[in-house]
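# Coordinates in review
Each chain, letter by letter, is given below.
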Amino acid sequence: MSGDEPVLYLNGGFVPAATATVSVDDRGFLFADGCYEVTVAIEGQPIALDRHLARLQRTLDSIRIDFDAASLAPIHHELIERNGLADAALATVYVQITRGVAPRTHAFPVGVPPTVLVRAQAIAGPSRAAIENGSRAITGDDIRWGRVDMKTTGLLPNVLAEQAALDAGVDDVILHRDGVVTEGSHTNVFGVIDGGLVTAPADHRILPGVVRGIVIEAAHGVGLAVAEREWTLDELAAADEVFMTSTTAGARPIIEVDGAPVGAGRRGPVTTRVQGLYGEFVAAERRG
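Read on for an overview of the structure. (Residues numbered from 1 in each chain as written. Predicted model: local features only at pLDDT ≥ 70, side-chain atom pairs only at ≥ 80, totals over all residues. Heavy atoms only, no water.)

## Describing the packing of aromatic side chains
The following threshold applies: Side-chain rings of Phe, Tyr and Trp (the six-membered ring for Trp) are treated as a pair once their centres are within 6.5 Å; stacked means planes under 30 degrees apart, edge-to-face means over 60, and tilted covers the remaining angles. Here's how the labels work: a residue is buried when its accessible area is under 20% of the maximum for its type, exposed when over 50%, partly exposed in between, all with a 1.4 Å probe on protein chains only. Geometrically, a lysine NZ or arginine CZ counts as sitting over a ring once it is within 6 Å of the ring centre and also within 35 degrees of the ring normal.
Scanning the entire structure with this criterion turns up 4 aromatic pairs. Between tyrosine 9 and phenylalanine 14 the ring centres are 5.4 Å apart and the planes differ by 65 degrees, which places this aromatic pair in the edge-to-face class. Taking relative accessible area as the criterion, phenylalanine 14 reaches 25% and is therefore assigned partly exposed. In this arrangement the basic side chain of arginine 82 is found over the ring face of phenylalanine 14, its NZ or CZ atom lying 4.1 Å from the centre. Positioned above the aromatic ring of phenylalanine 108 is the side chain of arginine 99, whose terminal nitrogen or guanidinium carbon lies 3.7 Å from the ring centre.

## Let's talk about the pairing of strand β3 (residues 34-42)
Test applied: Every helix listed is a DSSP run of H or I at least four residues long, and every strand listed is a run of E at least two residues long, numbered separately from the N terminus. In this description, strands pair whenever DSSP reports at least two bridges between them.
The buried count for β3 comes to 9 of 9 residues, which makes it a mostly enclosed element. Of the two faces of β3, the one holding Gly34, Tyr36, Val38, Val40 and Ile42 and the one holding Cys35, Glu37, Thr39 and Ala41 are both buried throughout. Looking at chain direction, β3 and strand β4 (residues 45-46) are connected through 2 bridges and run antiparallel. Across the sheet, the residue bridging to alanine 41 is proline 46, located in β4. The turn joining β3 and β4, which pair antiparallel and follow one another in sequence, is formed by 2 residues; a positive phi near 50 degrees is taken by glutamate 43.

## Thoughts on the pattern of salt bridges
Side chains carrying opposite charge are able to pair once their charged atoms draw close together. Using the following cut-off: Each reported salt bridge corresponds to a side-chain nitrogen of Lys or Arg within 4 Å of a carboxyl oxygen of Asp or Glu.
Summed over the entire model, instances satisfying the criterion amount to 17 salt bridges. Arginine 136 is the salt-bridge partner of glutamate 256, the closest N and O atoms lying 3.7 Å from each other. Here glutamate 256, found in strand β14 (residues 250-257), pairs with arginine 136, found in strand β7 (residues 135-141); they are 120 residues apart in sequence, far enough to count as distant. The class of glutamate 256 is partly exposed, set by a relative accessible area of 21%. If you follow the salt bridges from partner to partner, you end up with Asp142, Arg144, Arg177 and Glu183 in one network.

## Regarding the pairing of strand β6 (residues 115-122)
Here strand β1 (residues 7-10) runs beside β6; their pairing, made up of 3 bridges, is antiparallel. Considered in β6, the bridge of leucine 8 is made with arginine 119.

## Side note on helix α2 (residues 49-63)
Residues spaced three or four apart along an α-helix face the same direction, because each turn holds 3.6 residues. Under the convention used in this document: Given a helix with a known number of residues, its expected span is that number minus one, times 1.5 Å. Residues are treated as being in contact if the distance between any of their heavy atoms lies within 4.5 Å.
Compared with the 21 Å implied by 1.5 Å per residue over 15 residues, the 21 Å span of α2 between its first and last C-alpha is a close match. Residues of α2 that are buried: Leu49, His52, Leu53, Arg55, Leu56, Gln57, Thr59, Leu60 and Ile63. Taken together, the buried residues of α2 touch β3, β4, α3 (73-82), β5 (91-98), α6 (210-221) and α8 (269-287). Arginine 64 sits one or two positions beyond α2 and adopts a positive phi of about 65 degrees.

## Side note on the environment of alanine 202
Examined against the element boundaries, alanine 202 turns out to sit in the loop between β11 (196-199) and α6. In this structure the C-alpha to C-alpha distance between alanine 202 and histidine 52, which are 150 residues apart in sequence, comes to 16 Å. Not counting the four nearest positions on each side in its chain, alanine 202 is found in contact with Pro208, Arg212 and Glu228.

## As for the environment of glycine 191
Structurally, glycine 191 can be placed in strand β10 (residues 188-193). Sequence separation between glycine 191 and methionine 244 is 53 residues; the distance between their C-alpha atoms is 8.8 Å.

## Concerning the sheet that holds β6
What counts is decided by this rule: Comment: axis = line fitted to C-alpha atoms, over the contacting stretch for helices; angle = value between 0 and 180 degrees taken between N-to-C directions.
If you trace the 6 strands from one edge of the open sheet to the other, you get β2-β1-β6-β5-β3-β4, paired in antiparallel fashion. Strand pairing shows two members of the sheet lacking a second neighbour, β2 (13-16) and β4, which therefore form its edges. Looking at chain direction, β3 and β5 are connected through 8 bridges and run antiparallel. Paired with threonine 39 across the strands is valine 93, a residue of β5. Against the sheet, α2 engages β3, β4 and β5, with an angle of about 180 degrees to β3. Running over the sheet, α3 touches β1, β2, β3, β4, β5 and β6 and is turned about 155 degrees from β1.

The structure is reproduced here in structure tokens:
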């Protein structure tokens, strides 16, 4: 099959996306009983694939789905090739694994194989304006469940948060629990305070983003201070710079929160430096 007809991987085989089906008794459909992972590929090269698969394995283990995430590495490359994405400027490979198909009851079914879906597609990615000139955000209550460190498919609160941003005419929501900043609707959040980075600790209240981890490691490598601690909405409002990290956007500056400018109201020097550090990581990944 060629890139003219999208192909995905489903339960052990490559099938046309147009004819792929999943049972209405799948527990992912009935209970959101499953997990997912997204990896970006640049001109056919997946970025930080080992880190994404390791995070997927942690979630699988946490929710007790028996599957070897590392086995999907060659599937990523095969789907990129089969879908004609080897030269695509930017693409994503999406993995979703559920507990499988079984009669509807809350307890885990016995002897049921998981449903495994992997698909690849080109995406537009963030605009140059968003990367260089920044984006705007609002704040909102974090109403998600207590284990968002697991990348599960129950994302209705995230959907509602993203829609709130759209309704407000901004780009994202910075979530908080009783005034303590957690993360965005699908991003991690960093502040620049006294010249160093501040971000929420990697506990049960946030998803430990892959780009978040890369940024922290790179910052440590160049002597840039990083504090992984609780920080508040008051600190957010007073921060010199704010940026968000995600797999598809890298590091994106936030220049306005709740209608008020962040710092000077433009991308700051620390954010620019972080973008450069992440760019160096991506370049190294592409070189192999």
